[in-house]
Amino acid sequence: MNKLKVNFQVKYIVLFLLLIAIIGVIIFYLMNKYNINFTFTDIMAYCAGSVAIMALIYHALSLESQYKFHQENLFLTRNQYAYDVSSKFNEPHMTEALQFLSKIDAEKEKYFPDKKVQKFLDYIKENPKDRQKIVTVINYFEQLSILIANGHIEEKIIKNTFKTVFISTFILMKPYIDYSQQENRTIWCNFENMAVKWNE
């Protein structure tokens, strides 16, 4: 694609050079016809000025091509990084954490009766390993949200991959997230913002 663009640019430059040459011939022909004095130095100055203008135009087009190439390369890199990051979701410790999350979802009235958090707090106090499983999933989504917010990974890919589990995890764990944010208002706020955005 970039090669095609560069070829077009070269064609335009050649055409512009021909146009400058033709205009130069016309100008000097008219000057000669109407007895306007000009010297060889005037012709050389015209040619030198034309070449300088063309050089500036060529470098401007070249910089634009380089910029577009780097933008396309960045887009591809971001896409690849998004796939690499999302593949970590299938690691064994994450699978185990998601299974526990599914168990909580199936018995949410047991852990969050009337959407209150105290029963869940009592449970994770006695079962710190299960708390770690939940924190692992929420932290993973928080990191994804930070990467998206800062433009390091492609949001569309992550959204297509995780939207359902992302939103359902946030809704399920909202009482615990709200409780945690009472102690630290910035904790998991990126995850919350992204989940709310995707759920609109």
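Summarised in this report is the structure supplied together with it. No experiment lies behind these values; they were computed from the predicted model shown. (Residues numbered from 1 in each chain as written. Predicted model: local features only at pLDDT ≥ 70, side-chain atom pairs only at ≥ 80, totals over all residues. Heavy atoms only, no water.)

1. Some thoughts on the overall build of the protein chain
Part 1 of the argument: When you go through the protein chain residue by residue, the secondary structure sums to eight helices and zero strands.
Part 2 of the argument: Put simply, the protein chain runs from its N terminus to its C terminus through helices and strands in the order α-α-α-α-α-α-α-α.
Part 3 of the argument: Counting all 200 residues of the protein chain, 31% fall into the buried class.
Part 4 of the argument: Contacts spanning at least 24 positions in sequence make up 70% of the contacts within the protein chain whose residues lie at least 6 apart.
Part 5 of the argument: Carbon together with sulfur atoms contributes 60% to the accessible area of the protein chain, which is approximately 13600 Å² in total. (Helix = DSSP H or I, 4+ residues; strand = E, 2+ residues; numbered from the N terminus. Buried < 20%, exposed > 50% of the residue type's maximum accessible area, 1.4 Å probe, protein only. Contact = heavy atoms within 4.5 Å. Areas by Shrake-Rupley, 256 points an atom, 1.4 Å probe, with all protein chains shown as cover.)

2. Description of the pattern of salt bridges
Part 1 of the argument: All chains considered together, the criterion is met by six salt bridges.
Part 2 of the argument: Close ionic contact of Asp105 with Lys108 constitutes a salt bridge, the shortest N to O distance being 3.4 Å.
Part 3 of the argument: The class of Lys108 is partly exposed, set by a relative accessible area of 43%.
Part 4 of the argument: Notably, a salt bridge pairs Glu107 with Lys110, separated by 3.7 Å at the nearest N-O pair. (Salt bridge = Lys/Arg side-chain N within 4 Å of Asp/Glu carboxyl O.)

3. Some thoughts on the packing of helix α7 (residues 155–183) against helix α8 (residues 189–198)
A pair of packed helices can be characterised by two numbers: the angle between their axes and the separation between those axes.
Part 1 of the argument: Closest axis-to-axis distance for the α7/α8 pair is 8 Å, and the angle between their directions is 120°. Classed by the angle they form, the pair α7 and α8 counts as oblique. Here α7 and α8 pass one another in a crossing that is left-handed. Across the interface between the two elements, Glu155, Ile158, Lys159, Lys163, Phe166, Ile167, Thr169, Phe170, Lys174, Ile177 and Gln181 of α7 pack against Cys189, Phe191, Glu192, Met194, Ala195, Val196, Lys197 and Trp198 of α8.
Part 2 of the argument: Looking at the contact of α7 with α8, its residues break down into 11 nonpolar, two polar and six charged. (Axes fitted to C-alpha atoms, helices over the stretch in contact; angles between N-to-C directions. Parallel < 35°, antiparallel > 145°, perpendicular 65-115°, else oblique. Left-handed = near helix turned anticlockwise from the far one by under 90°. Nonpolar A, V, L, I, M, F, W, Y, C, P; charged D, E, K, R; others polar.)

4. Some words on helix α6 (residues 128–149)
Part 1 of the argument: Taking 1.5 Å per residue, 22 residues should reach 32 Å; α6 reaches 31 Å between its end C-alpha atoms and fits that length.
Part 2 of the argument: Buried residues of α6: Asp130, Ile134, Val135, Val137, Ile138, Tyr140, Phe141, Glu142, Leu144, Ser145, Leu147 and Ile148, and no others.
Part 3 of the argument: Once α6 finishes, Gly151 follows within two positions and takes phi at roughly 75°, a positive value. (Expected span 1.5 Å × (residues − 1).)

5. Focus on the side chain of Gln181
Part 1 of the argument: Along the chain, Gln181 turns up in helix α7.
Part 2 of the argument: For Gln181, a relative accessible area of 15% corresponds to the buried category.
Part 3 of the argument: Within polar-contact distance, the side chain of Gln181 engages the side chain of Glu192 at 2.9 Å.
Part 4 of the argument: The residues touching Gln181, leaving out its near neighbours within four places in the chain, are Ile187, Trp188, Cys189 and Glu192. (Polar contact = N/O pair within 3.5 Å; in protein donor to acceptor, adjacent residues only side chain to side chain.)

6. Some words on the nonpolar core
Part 1 of the argument: Core analysis: the largest hydrophobic core is formed by 39 residues, its most contacted members being Phe120, Phe141, Met173 and Tyr176.
Part 2 of the argument: Among all residues touching Met173, those that are not within four sequence positions of it are Leu101, Phe112, Phe120, Ile134 and Ile138. (Core = buried A, V, L, I, M, F, W, Y, C linked by side-chain atoms within 4.5 Å.)

7. Regarding helix α3 (residues 92–106)
Part 1 of the argument: With 15 residues, α3 extends 21 Å between its outermost C-alpha atoms, agreeing within 8% with the 21 Å of an ideal straight helix rising 1.5 Å per residue.
Part 2 of the argument: The complete set of buried residues in α3 reads Met94, Ala97, Leu98, Phe100, Leu101 and Ile104. All buried residues of α3 fall inside an arc of 160° around its axis, so they share one side. Looking at α3, the residues exposed on the side facing more than 90 degrees away from the buried face are Pro92, Gln99 and Ala106. (Arc of directions from axis to C-beta.)

8. Details of the layout of surface pockets
Part 1 of the argument: Put simply, the largest pocket is a space of about 250 Å³.
Part 2 of the argument: In this structure, the largest pocket is lined by Asp105, Lys108, Glu109, Phe112, Lys115, Ser168, Ile171, Leu172, Lys174 and Pro175.
Part 3 of the argument: Ranked by residues supplied to the lining of the largest pocket, first place goes to α7 with five residues. (1 Å grid on protein atoms, 1.4 Å probe; cavity = no way out; pocket = protein on both sides within 12 Å on 5 of 7 lines; lining within 4 Å. Points joined across faces, edges and corners; volume = space filled by probe spheres on them.)

9. Overview of the packing of aromatic side chains
Part 1 of the argument: Following the criterion strictly, the structure yields 14 aromatic pairs and no others.
Part 2 of the argument: Measuring from centroid to centroid gives 6.2 Å for Phe100 and Tyr123, while their planes differ by 15°, and the two rings are stacked. Taken together, the residues Phe100 in helix α3 and Tyr123 in helix α5 (residues 118–126) connect sequence positions 23 residues apart. With respect to class, Phe100 is no different from Tyr123; both count as buried.
Part 3 of the argument: Seen from their ring centres, Phe141 and Phe162 are 6.2 Å apart, and the 65° between their planes marks the pair as edge-to-face. (Phe/Tyr/Trp six-rings, centres within 6.5 Å; stacked < 30°, edge-to-face > 60°.)

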